[in-house]
Structure formats: structure tokens, C-alpha cells
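The residues making up each chain are set out below.
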Amino acid sequence: MIVLENLTKRFGDLTAVDAVSMAVRRGEVLGFLGPNGAGKSTTMKMVCGYLTPTSGTARVQGHDVVTEPMAVKAAIGYLPEGAPTYGDMRVSAFLRFIAQIRGFNGAEIGRRVDRVREMAALDEVFDRPVETLSKGFKRRVGLAQAILHDPEVLIMDEPTDGLDPNQKHQVRSLIKDMAHNKAIVISTHILEEVEAICTRAVVIAHGKLLADGTPEQLLCRDARHNAVVVKLAADQAADIVAGLAALDQVAGVDALGDPVGGTAAFRARPKAGGVHRPAGRRFAQVQERDARGNVRGTRPYGRSVPQNHPGRCPRGSRCVTSGSSPSANWRAISRRRWRLCSSSSFWP
């Protein structure tokens, strides 16, 4: 539904977008990621027909943005950065105005406005001037105008910017509900948002497309993704590291600097393609033991609790004792000894 072919934009000697090519299909929610000045907004403006490409082109539902800009603008819904509106208009009047611009007449205007009023949750501000609204509500008014004509292509520049947590949840749910029959492109700096609602993500920097894949595929490119940081007593570290490295799904164990205060830190990395997260599993199980070595309880580390983890380590499993918490991110109870049970599903 959206096709970019060597799309390029130059401003004098500055190349803001450099020969970007990609396609977005129906049913995809594409997260457009990159630092400030990467070329995200410029690319979106060219796709929407607000900027003319220096070279290359883009097509939206078969319409070329260079030769058919009006057809492209009629086919898309666009939420630009800052959600510009007419501040002196009431929300209701502004949305009716947008409906008229989109070519609706008579009772259809009321139906369209009532629909987006409910979708964007604008009831409490519907009769207030736009200029009196909070940043979050202004953003929701901008979203409402973008979806008023129910476009099949939706392009949004940071749609949740300025929203409180409840509003963000509502907007993300709305995007997911609309995604099945639309092609949606979202520019964002929020990685959590990409993981929550995007089916695909691309990374752009200095105007060039650097990466393209699902959010999980992009995360897996980082050697630290799903790695576990373990802090161990330095005098016991060699045996423990050897035990961790022997696990089937561990790619390697790296030392994180020199030991400090008798404690050494290591990062255990999973093998590529060996990480998955079935329900009911955690990354690791750590057993608390008393001075005699008896199991006092099991503390899980990670995201969810396994259904049938044993109360003590099974016979033949490789269990090691450390003098501190097995994770720098885990709130350990001081002055207790823990056993890291490698027989549990260390990598879920």
C-alpha cells in the first residue's frame, strides 16, 4: 500500500533522506525509529505529499506522490508532529470543518464526527476551544482528524507524545484495533511503544535505512539482548562460569571488568535463535539455603513463574553456590547464600 523507491531529499548540501526504499503492506504497523535529525519526519512529509522529493518517488495505493499529490492526500490520514489545529475553533467545529474538507455532506458529517469523538475519547472536551486543551487532548484531536475519513493508510508522527499513561494505553489499543485493514506507519522514540503495537520496525540514521525487521529480530542483534548479569564471589567464579558456559543455550559468558570487593560480575549470553518465552517460565531459578545447605525457598528471576519447579535441585544437576545475588538488577537479600540451579530453564 506504501512503496518507497530511492526516496531522496536534499536541502542545499544537506542530504536529509538518502535513497530510502521499502514497502508497507496492509495489516502492518511499521515503527519508524531513529534519533533526532535522522530523517523520519522528512520521509513522512514526502510520502504525504507535503514535501517534493529531490529524486526517487513514493506511491500510496498506486498513486505517485510527485505526479498525483492530491490523490495521495485523499488516500491517507496524517497526524503531523505537534498535531497543528485551529486554536480558536471548538473541537466539535474543527472536526466538522475537517469532515467538510474531506468531502462529506449532510448527516454523514455528524456520523463521522460522532464516530471519531468516541474513538478518541473526546466527550469531556468536545465543546471547548482547542487552544484551552492540554497537550494530550490536542494530540487526540489531531488523531481524530487523521482517522475521520477512515483512511486505509495512516501515517502518524509520535502519536502518543504528551499523553498520560491511560491515554497512551487507549491510543495504542485504538491503533491495534485499526491495524487489521490498514497500513500504519508510526514515528516514535519510545522503544516500549514499538514492542507494544508494531509488527515491524525500521531504523533510520543520517537519512539512510539501517535495519528492517520485526521488533524481536532487531532486539536480537544486540549481544546483550536477553543476557543475564551474574555477580559471584571472585574465589568461586571460575567453576561457576564454567558451569554456565556448559549450558546448551548459552553462547558465552563474558567478564564485566575486574573484581571489586571480592565480587566478580559476568554476562551470560544466549545463543542466537535459542531464546523464546513460553508462558509460565522465568529466566532462572535461585534457591535460598541456610548455613547447613538446606533449601529454605526458591526465588525466581525473570518475567514469570514456572509451574512445577522442584523445591530442591534434582540429582545430577549442576548447582553452584555464590556469595551474592545472581543478578545486578535483582533485589537480593543481603548476608544470605543462594544456589543457582542450572537444571531449571535458565533460558526460557
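The preceding data block contains the structure.
Residues numbered from 1 in each chain as written. Predicted model: local features only at pLDDT ≥ 70, side-chain atom pairs only at ≥ 80, totals over all residues. Heavy atoms only, no water.

Engineer: I'd like a rundown of the overall build of the protein, residues and numbers included.
Structural biologist: In terms of regular secondary structure, the protein is built from nine helices and 17 strands. Counting only residues that meet the buried cut, the protein has 45% of its 348 residues in that class. Sequence-distant contacts, at least 24 apart, represent 64% of the contacts inside the protein between residues at least 6 apart. For the protein, the exposed area adds up to about 17,600 Å²; of that, 48% sits on carbon and sulfur atoms. (Helix = DSSP H or I, 4+ residues; strand = E, 2+ residues; numbered from the N terminus. Buried < 20%, exposed > 50% of the residue type's maximum accessible area, 1.4 Å probe, protein only. Contact = heavy atoms within 4.5 Å. Areas by Shrake-Rupley, 256 points an atom, 1.4 Å probe, with all protein chains shown as cover.)

Engineer: Tell me about the pairing of strand β8 (residues 183-187), and name the residues and values.
Structural biologist: Across the five residues that make up β8, a large majority, five, are buried. Residues Ala 183, Val 185 and Ser 187 point to one face of β8 and Ile 184 and Ile 186 to the other, with burial holding for every one of them. Pairing between strand β7 (residues 153-157) and β8: five bridges, direction parallel. Among the inter-strand pairings, Val 153 is bridged to a residue of β8, identified as Ala 183. (Pairing = 2+ DSSP bridges.)

Engineer: Before we move on, could you go through the sheet that holds strand β1 (residues 2-11) and cite the residues and values that matter?
Structural biologist: Read across the open sheet, the four strands follow the order β2-β1-β4-β5; overall the sheet is antiparallel. In this open sheet, the two strands that pair with only one neighbour each are β2 (14-24) and β5 (63-64). The pairing of strand β4 (residues 55-60) with β5 spans two bridges and is antiparallel. What sits directly across from Arg 59, in β5, is Asp 64. Taken strand by strand, helix α1 (residues 40-48) contacts β1, β2 and β4, and its axis lies near 120 degrees from that of β1. (Axes fitted to C-alpha atoms, helices over the stretch in contact; angles between N-to-C directions.)

Engineer: Can you explain the sheet that holds strand β11 (residues 228-233)? Please cite residues and give values.
Structural biologist: The three strands are arranged β11-β13-β12 in an open sheet whose pairing can be described as antiparallel. Two strands in the sheet have a free side with no partner beyond their single neighbour: β11 and β12 (250-255). Averaged over all pairs of adjacent strands, the angle between strand axes in this sheet comes to 30 degrees, irrespective of strand direction. Across five bridges, the pairing between β12 and strand β13 (residues 263-270) is antiparallel. Considered in β13, the bridge of Gly 252 is made with Arg 269.

Engineer: Describe unusual backbone geometry, naming the residues involved and giving the relevant values.
Structural biologist: With the exception of glycine, most residues fall at negative phi, and the peptide bonds are largely trans. The phi dihedral of Ala 19 is positive, around 55 degrees, even though this residue is not glycine. For Ala 19, a relative accessible area of 38% corresponds to the partly exposed category. Even without glycine at this site, Ala 121 takes up a positive phi of about 55 degrees. Note on placement: Ala 121 falls in the loop between α4 (107-119) and α5 (135-147).

Engineer: Explain the packing of aromatic side chains to me, using residue names and the numbers behind them.
Structural biologist: Aromatic ring pairs are described here by two measures, namely the spacing of the ring centres and the angle between the planes. Taken as a whole, this structure holds three aromatic pairs when the rule is applied. Where Tyr 50 meets Tyr 78, the ring centres are 5.3 Å apart and the plane angle is 40 degrees; that geometry is what we call tilted. Of this pair, Tyr 50 sits in the loop between α1 and β4 while Tyr 78 sits in strand β6 (residues 76-79), placing them 28 residues apart in sequence. The class for Tyr 50 is exposed, based on a relative accessible area of 52%. According to the relative accessible area criterion, Tyr 78 is buried, its value standing at 9%. Relative to Phe 97, the ring of Tyr 86 lies with its centre 5.8 Å away and its plane at 80 degrees, an arrangement referred to as edge-to-face. Note that Tyr 86 is positioned in the loop between β6 and α3 (91-101) and Phe 97 in helix α3, a separation of eleven residues in sequence. (Phe/Tyr/Trp six-rings, centres within 6.5 Å; stacked < 30°, edge-to-face > 60°.)

Engineer: Requested: an account of the nonpolar core, with residues and values cited.
Structural biologist: Val 91, Leu 95, Leu 122, Met 156, Ile 175 and Ile 184 are the most contacted members of the largest nonpolar core, which totals 42 residues. When residues of this core are traced back to their parent elements, those giving at least two are β3 (29-33), α3, α4, α5, β7, α6 (165-178), β8 and α7 (191-197). Here this core gets six residues from one element, more than from any other, and that element is α5. Here Leu 122 is in contact with Val 91, Leu 95, Arg 117, Phe 137, Arg 140, Val 141 and Ala 144, once residues within four sequence places are set aside. Leu 7, Val 17, Ala 38 and Tyr 78 belong to the second-largest nonpolar core, a separate cluster that totals 28 residues. (Core = buried A, V, L, I, M, F, W, Y, C linked by side-chain atoms within 4.5 Å.)

Everything listed here is a matter of coordinates, which is why it stays silent on function.
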